[in-house]
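Understanding the architecture of this molecule
One-letter residues, chain by chain:
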Amino acid sequence: MRALALAPEPPWEDVCALDDILPGTGVCALVAGRQVAIVRTGLALYAIGNFDPFSKAFVLSRGIVGDRGGIPKIASPIFKQSFDLRTGQCLDDSRVRVPTYEVRVERGRVLVHREPRPGEHHGA
Amino acid sequence: MTKRDLVVIGNGMVGHRFLDLLVESGHGDCWNIVTFSEEPRLAYDRVNLTSFLGGKTASELSLASPGRYRDAGVTVHVGDRAASIDRRRRQVTSEHGRSVPYHALVLATGSAPLVPAIPGREAQGCFVYRTIEDLEAIRAWAARVQTGAVIGGGLLGLEAAHALTRMGLGTHVVEFAPRLMSMQIDEGGGEILRAKIEALGVSVHTGKHTTQIVSEDGRVSELRFADGGGLVTEMVVFSAGISARDELARDCGLEIGERGGVVIDDRCRTSDPDILAIGECAHFRGRTYGLVGPGYQMARTAVSTLTGGDDRLGAFDMSTKLKLLGVDVASFGDAHATRPGSRVVSFTDSVAGIYKKLVVSADRQRLLGGVLVGEASSYAQLLSLTQAQVALPPHPEQLILPRMEGGAPPLPGVDALPEASTICTCQNVAKGTICRAICDRQLDSVAGVKSATGAGTGCGSCAPLLGELLAREMKRAGKAVTNHLCEHFSRTRQELHHLVRVQGIRSFDELIARHGRGSGCEICKPAAASILASTWNEHVLDDRHVGLQDTNDRFLANIQRDGSYSVVPRVPGGEITPEQLVALGRTARRFGLYSKITGAQRVDLFGARLEQLPAIWRELIAAGFESGHAYGKALRTVKSCVGSTWCRFGVQDSVSTAIRLENRYKGLRAPHKLKSAVSGCARECAEAQGKDFGVIATEKGYNLYLCGNGGMKPQHAQLFATDLDEETLVRYLDRFLMFYVRTADRLQRTAAWFNNLEGGIEYLRQVLIEDSLGICAELEADMARIVESYRCEWTATLEDPAKLARFRTFVNSPEPDPSLIRVKQRAQARPATWSEKAHLVEEAVP
């Protein structure tokens, strides 16, 4: 579908209002056909892939948000592995990393970049 | 080697300890040992005599066994009193005519209760309180009367009063001094103690000098006081002090102290160096000692003297900590501030019934002693500070004031104590000894420390310090022991529950701001959510709670392996109408849900997508269902058999009872899930004995079983109470459930919780039936509040558009999750396996 696009799409997608995400929770957005977990901590907004490589289910946005030793993270609701929200790195298995997306807020709207940040990510 | 003859007169706690230490020292073989006991049994734990009434048997109290003595080569003459000592011929003659020679003789004859010379004291119904036989006589008499008076309001008198209340008597304490426990505590402490004891139904009469005991037909009927007053009573227990049993020593001409007791030197030698005296019968530095601690120290010194050692008696520590009638009372060091220049800081809370006093040195640098009444958890630490004489923090009053919010712990930790300081004063075990044992023997539990070092096996008040030392040493060795909730809270779930309740904390943000650090995690957030829910019962999806919930609670459904959910409506007691069955089937068919009967007499509907949940529940609620809380750490089902309504064997209507219990406790958030069952007869078809709380019908009512478990570690429930009527059953369950909710660790089922309760089922009975902690009314009130504020969580959610808005898979699209793919199996839908669907969803997986 992306290959057939005639005009280049703008690189950012408006997914929801900031107020749609309660601090300390996440939501899932469909961005360019991919599921992206957008997570709001007390202070910041992060976006990572919604796919949990351990359970192979699209669920990360439904995890519990918190920190480990100050690292902002979310725990998978299925088997509880934690992921660094800044880098996508799994904090319980150094071999696993999920993709991350740029995300920003403009006039109260949440914008997510259509492409994951370049860099390696690995499944379980 | 020729053996020498050793005779020990008296086999009480101290006499026994002496023999024990001698045998342990390896010098037992050098002696022919003979011991006499005038009581008809070997040594027993007299300190805990009152527990004999709580169901402990004489053999459970016993400290010694004939077999052990026999193995150690000790000849025991039980029930035979030593009658005379012939120092010239060096032999002891007994009442039964035995003559035994000695090279060395140890007197451990103890003391006798002092019966004041009050006219009329010979009346029937007058007793003393020292031996098991005394207690048996008191119990036999108590069975026929309603009231009893204890003369003497000291430590032993209050113990005796406790015994009388346990026998169900209207109990009075009559004390000559103006306050209770005048030896140990001061006026302020005495007032608080009095108030607390009176609140327990014991009448306290202080400043009363009993001048006459009036009797009718030879049976005691009244006490008369010097002030003209009187007190009607059918029983009198004298507990006005003790006097040393020094008659044998007197008769053979040993030196006797001014107010009684065999005079000894610092090596326990009497005026005849071949005769030693230990325990309550000994008089050292001007007085006798009625506590077991000094007695044990004398036993140790006597063994040293006999085996060529050089152990010497020093000053005795007369500190005590007891629970009298359930009230903590402790006194340590120079409690009466007798040292010149010493100063006092005190704190009184007459509402909570707490009194604390510290005696500090003139420069406020050293702790000299103190008194604690009503709350004595810091006793061991304060005692150690007194003994170690380490410098106090700048404001010593902080040591006894209630902890302020967020304040640092005022007591210097166990780290501040020098290695040589005594941690266990009963067994004289130093901090260094304990730390070495933990390290060398790789101990990992307080129980292990106790058995390896003996520390904590006396009064037990140093157990918290042992725990701290253990934690410290294990941490040093790189092992984890804390039961802190997680890195964000250095507290246990139980502590947090308490703080939430007493400080009125209503949100996680407030809780972590006041008592934690960081932003929380998947461990502390759901634990806090459960605590908040079981305290305030606000909707779990309220804005300030929703982020705390595990995904099951967050969407009020059970997440499955592919990220879809299952739905379980409540079917109380497993009773379901045909209309409801039809409605369930219709909903399952409409939404394509896989249907399965659960093990808990309900129906589970699988495969619901997140955004379908509200529509599914709208239908279910319209059909009369409500949330089954299968998603929560909460009550699941109260399973039942069909009971007496249909079953020819049933003796009670188990279905009605199960429905009543399920409807009462539904929605209660707990540390873990709760399962229950009611069986209509002893055939136990509902398997109630494998549940957290199970009920089995009897001809007369219901038997209640607690803390069973199926699952990974099956465990039979314990029989808690029998033949209960339904109201009592509900009352006990209210108390039990709230007590568990308050005190269990996170994710600790009732069975594991029970296994960690010291005192087991008997302790649970004391707390929940006899109300030994005085919290039953509070537990019931808490439960009543939860029951009253129950609302079906799904009904409330459907009424709230803001909550409903969160039930969508994508925040920016109404599309369903394309990864949820179904395959047909046995006429129903199951989730596709990863290999079946990977090619379909890989586009979505970057």
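**Details of the overall build of chain A**
- Check the secondary structure of chain A and you find zero helices and twelve strands.
- Put simply, chain A runs from its N terminus to its C terminus through helices and strands in the order β-β-β-β-β-β-β-β-β-β-β-β.
- Summarising the internal contacts of chain A: among those between residues at least 6 apart in sequence, 42% fall at separations of at least 24.

**Observations concerning the overall build of chain B**
- Of the regular secondary structure elements, chain B holds 27 helices and 39 strands.
- By the burial criterion, 45% of the 846 residues in chain B qualify as buried.

**Section: the interface of chain A and chain B**
- Taken residue by residue, the interface counts 36 residues in chain A and 30 residues in chain B.
- Of all elements in the fold, only β1 (12-17), β2 (25-31), β3 (34-40), β6 (57-58) and β7 (64-68) of chain A reach the threshold of two or more residues within the side of chain A that touches chain B.
- In terms of residue class, the side of chain A that touches chain B is made up of 18 nonpolar, eleven polar and seven charged.

**Quick word on the pairing of strand β14 (residues 219-225) of chain B**
Residue and element names in this part refer to chain B.
- Note that strand β13 (residues 210-216) and β14 share six bridges and pair antiparallel. Bridging across to β14, Gln212 finds its partner in Arg224.
- In this structure, the hairpin formed by β13 and β14 is closed by a connection of two residues, where Asp217 is found at a positive phi of approximately 50°.
- Inspection of the sheet shows β14 paired to strand β15 (residues 230-232) by three bridges, in the antiparallel sense. Pairing of Arg224 across the sheet is with Gly230, part of β15.
- Two successive antiparallel strands, β14 and β15, enclose a turn made up of four residues, where Gly228 displays a positive phi of approximately 95°.

**Side note on helix α10 (residues 431-440) of chain B**
Residue and element names in this part refer to chain B.
- By the burial criterion, the buried members of α10 are Lys431, Ile434, Cys435, Ala437 and Ile438. Within α10, the buried residues cover an arc of 160° as seen down the axis, which keeps them to one side.
- Of the surrounding secondary structure, the elements contacted by the buried residues of α10 are β27 (422-424), β28 (429-430), α11 (446-453) and α12 (463-476).

**A word on the sheet that holds β2 of chain A**
All names here are of chain A.
- Spatially, four strands are ordered β2-β3-β4-β10 in an open sheet, and the strand pairing comes out antiparallel. Every other strand in the sheet has two partners, leaving β2 and β10 (100-101) as the edge strands with one partner each.
- With seven bridges joining them, β2 and β3 adopt antiparallel strand pairing. Directly across from Val31, in β3, lies its bridge partner Arg34.

**Considerations on the nonpolar core**
- Counting 134 residues, the largest nonpolar core has Phe18, Leu107, Ile278, Ala302 and Ile434 of chain B as the members making the most contacts within it.
- Residues within four places of Ala302 of chain B in sequence aside, it is in contact with Phe18, Val106, Cys268, Leu276 and Ile278 of chain B.
- Residues Val112 of chain A together with Cys524, Ile559 and Ala630 of chain B belong to the second largest nonpolar core, which totals 79 residues.

**What to know about unusual backbone geometry**
- The phi angle at Lys80 of chain A is positive, at roughly 75°, despite the residue not being glycine.
- Structurally, Lys80 of chain A is set in the loop between β8 (71-75) and β9 (82-84).
- With phi around 50°, Asp723 of chain B is a residue other than glycine that occupies positive phi space.
- The topology assignment puts Asp723 of chain B in strand β37 (residues 718-724).
- A count of 12 C-beta atoms within 10 Å places Asp723 of chain B in the exposed class.

**So, the packing of helix α21 (residues 726-743) of chain B against helix α24 (residues 776-788) of chain B**
All names here are of chain B.
- Taken N-terminus to C-terminus, the directions of α21 and α24 make an angle of 90°; their axes are 8 Å apart at the nearest point. Looking at the two axes, α21 sits roughly perpendicular to α24. When α21 is examined against α24, the residues Arg731, Asp734, Arg735, Leu737, Met738 and Phe739 are found in contact with a partner set consisting of Cys776, Leu779, Glu780, Asp782 and Met783.

**Thoughts on the confidence of the model for chain A**
- Averaged over chain A, the pLDDT score is 88; the fraction of residues at 70 or greater is 89%.
- Ignoring residues within four places in sequence, the model shows residues 1-5 of chain A, a span with pLDDT below 50, making two contacts including any to other chains.

**Looking at the sheet that holds strand β5 (residues 91-94) of chain B**
Residues and elements named next belong to chain B.
- Pairing is antiparallel in the open sheet, where three strands are placed in the order β4-β5-β6. The open sheet has two edge strands, β4 (82-86) and β6 (99-101), and neither has a second partner. Ignoring strand direction, the axes of neighbouring strands in this sheet form an average angle of 20°.
- Relative to β6, β5 runs antiparallel, the two being bridged by three bridges.

**Some points on the packing of helix α1 (residues 13-24) of chain B against helix α8 (residues 292-306) of chain B**
All names here are of chain B.
- Viewed as axis vectors pointing N to C, α1 and α8 meet at an angle of 35°, and their least axial separation amounts to 9 Å. For the pair α1 and α8, the sense of crossing is right-handed. In contact with Met13, Val14, Arg17, Phe18, Leu21 and Leu22 of α1, α8 contributes Val292, Gly295, Tyr296, Met298, Ala299, Arg300, Ala302 and Val303.
- For the contact of α1 with α8, a count of residues per class yields eleven nonpolar, one polar and two charged.

**Here's the deal with the environment of Thr171 of chain B**
Residue and element names in this part refer to chain B.
- Here Thr171 lies in strand β11 (residues 170-174).
- Taking the C-alpha atoms as reference, Thr171 lies 5.2 Å from Gly148; in sequence the two are 23 residues apart.
- In this structure, Thr171 is in contact with Gly148, Ala161, Leu164, Thr165 and Val202, ignoring residues within four places of it in sequence.

**A closer look at helix α6 (residues 187-199) of chain B**
Residue and element names in this part refer to chain B.
- End to end, α6 covers 18 Å across 13 residues, agreeing with the expected 18 Å (1.5 Å per residue, within 8%).
- On its buried side, α6 packs onto β12 (203-205), β23 (327-333), β24 (343-349), β25 (354-360) and β26 (367-373).
- Of the residues trailing α6, Gly201 is marked for its positive phi of about 95°.

**Focus on the environment of Ala416 of chain B**
Residue and element names in this part refer to chain B.
- Along the chain, Ala416 falls in the loop between α9 (379-388) and β27.
- What makes Ala416 partly exposed here is the crowd of 15 C-beta atoms within 10 Å.
- Along the backbone, Ala416 and Ala388 are 28 residues apart, and their C-alpha atoms lie at a distance of 9.3 Å.

**With respect to the environment of Val27 of chain A**
- Relative to the helices and strands, Val27 of chain A is located in strand β2.
- On the basis of neighbour count, Val27 of chain A is assigned to the buried category, with 24 C-beta atoms found within 10 Å.
- Separated by 34 residues in the primary sequence, Val27 of chain A and Ser61 of chain A place their C-alpha atoms 5.3 Å from one another.
- Excluding its chain neighbours within four sequence positions, the residues that come into contact with Val27 of chain A are Cys16, Asp20, Ile21, Ile38 and Ser61 of chain A together with Val811 of chain B.

Reading guide: rules and limits
- Residues numbered from 1 in each chain as written.
- Chains lettered and ligands numbered in written order.
- Predicted model: local features only at pLDDT ≥ 70, side-chain atom pairs only at ≥ 80, totals over all residues.
- Helix = DSSP H or I, 4+ residues; strand = E, 2+ residues; numbered from the N terminus.
- Contact = placed C-beta atoms within 7 Å.
- Buried ≥ 20, exposed ≤ 12 C-beta atoms within 10 Å, placed from the backbone.
- Nonpolar A, V, L, I, M, F, W, Y, C, P; charged D, E, K, R; others polar.
- Pairing = 2+ DSSP bridges.
- Arc of directions from axis to C-beta.
- Core = buried A, V, L, I, M, F, W, Y, C linked by C-beta atoms within 7 Å.
- Axes fitted to C-alpha atoms, helices over the stretch in contact; angles between N-to-C directions.
- Parallel < 35°, antiparallel > 145°, perpendicular 65-115°, else oblique.
- pLDDT = per-residue confidence, 0-100.
- Left-handed = near helix turned anticlockwise from the far one by under 90°.
- Expected span 1.5 Å × (residues − 1).

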